[in-house]
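An overview of the molecular structure
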Amino acid sequence: QVQLVESGGGLVQAGGSLRLSCAFSGRTFMNYALGWFRQAPGKEREFVAAISRGGSNTYYVGSMKGRFTISRDNAKNMVYLQMNSLKPEDTAVYYCAATRTITAQRDVQSYDYWGQGTQVTVSS
């Protein structure tokens with residue numbers, strides 16, 4: 001069974017940066033495309049970024065472009081989300097997810113495995 005464990009969340013001031021990490025285990029890492037999602041209280045889970053199996057294709061929601069970067073290290077079974085120029089509206093629980101597809105996916109329904117989430121809080 002695939003397991004995903006997020007880390008790296010915390011409290012940061014507006015304009016600051018955080019790097020979230022997600023450790024993958026249980027199956028062959030390179031067989032999965034990966035994504036990051038976030039969910040704020042009272043809101044639906046929202047797509048943030050996704051990356052294909054090989055890492056050559058990435059996909060972002062428009063508001064993240066130029067600020068967030070998704071990457072993966074297939075040698076370490078890790079996926080990352082580098083977040084720069086953070087804004088208070090970025091405050092949410094961030095989740096990593098895995099899907100056994102080649103291409104990056106943006107829909108919650110496309111993902112089979114989810115981590116527990118890590119809290120990101122951006123203060124003004």
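Our structure's up above, just so we're on the same page.
From a predicted model like this one, the values you see are computed outputs, not experimental measurements.

Time to look at the pattern of salt bridges. This structure, assessed with the given rule, holds 3 salt bridges. The salt bridge partner of R38 is E46, with a shortest N-O separation of 2.8 Å. For R38, a relative accessible area of 8% puts it in the buried group. The residue R38 makes a salt bridge to D90 at a minimum N-O spacing of 2.9 Å. Separated by 52 residues along the polypeptide, R38 in strand β4 (residues 33–39) and D90 in the loop between β8 (78–83) and β9 (92–99) bring together distant segments of the chain. A single burial state applies to R38 and to D90, both of which are buried.

Taken as a whole and judged by the stated rule, the model has 1 disulfide. One disulfide bridge connects C22 with C96, the sulfur atoms lying 1.9 Å from each other. Disulfide C22-C96: torsion about the S-S bond near 55°, hence right-handed. Here C22, found in strand β3 (residues 18–25), pairs with C96, found in strand β9; they are 74 residues apart in sequence, far enough to count as distant. For C22, a relative accessible area of 0% gives the class buried.

Backbone hydrogen bonds hold the strands of a sheet together, and the pairing may be parallel or antiparallel. Spatially, the 4 strands line up as an open sheet ordered β1-β3-β8-β7, and their pairing is antiparallel. Two strands bound the open sheet, and with one partner strand each, they are β1 (3–7) and β7 (68–73). With strand direction ignored, the average angle separating the axes of adjacent strands in the sheet is 15°. In this structure, β3 lies alongside β8, joined through 6 bridges in antiparallel fashion. The residue of β8 that forms the bridge with R19 is Q82.

If you walk through the whole model with that rule in mind, you get 8 aromatic pairs. Relative to Y113, the ring of Y32 lies with its centre 6.2 Å away and its plane at 70°, an arrangement referred to as edge-to-face. Of the two residues, Y32 sits in the loop between β3 and β4 while Y113 sits in strand β10 (residues 113–114), which places them 81 residues apart along the sequence. You'll find Y32 and Y113 in the same group, each marked buried. Members of the aromatic cluster, connected to one another through ring pairs, are F37, F47, Y59, Y111 and W114. If you follow R45 out to its NZ or CZ, it ends over the ring of Y95, 3.9 Å from the centre. The residue whose ring lies beneath R45 is W114, and the NZ or CZ to ring-centre distance is 4.8 Å.

So, how was this worked out
Residues numbered from 1 in each chain as written. Predicted model: local features only at pLDDT ≥ 70, side-chain atom pairs only at ≥ 80, totals over all residues. Heavy atoms only, no water. Salt bridge = Lys/Arg side-chain N within 4 Å of Asp/Glu carboxyl O. Buried < 20%, exposed > 50% of the residue type's maximum accessible area, 1.4 Å probe, protein only. Helix = DSSP H or I, 4+ residues; strand = E, 2+ residues; numbered from the N terminus. Disulfide = S-S within 2.5 Å. Pairing = 2+ DSSP bridges. Axes fitted to C-alpha atoms, helices over the stretch in contact; angles between N-to-C directions. Phe/Tyr/Trp six-rings, centres within 6.5 Å; stacked < 30°, edge-to-face > 60°. Lys NZ or Arg CZ within 6 Å of the ring centre and 35° of its normal.

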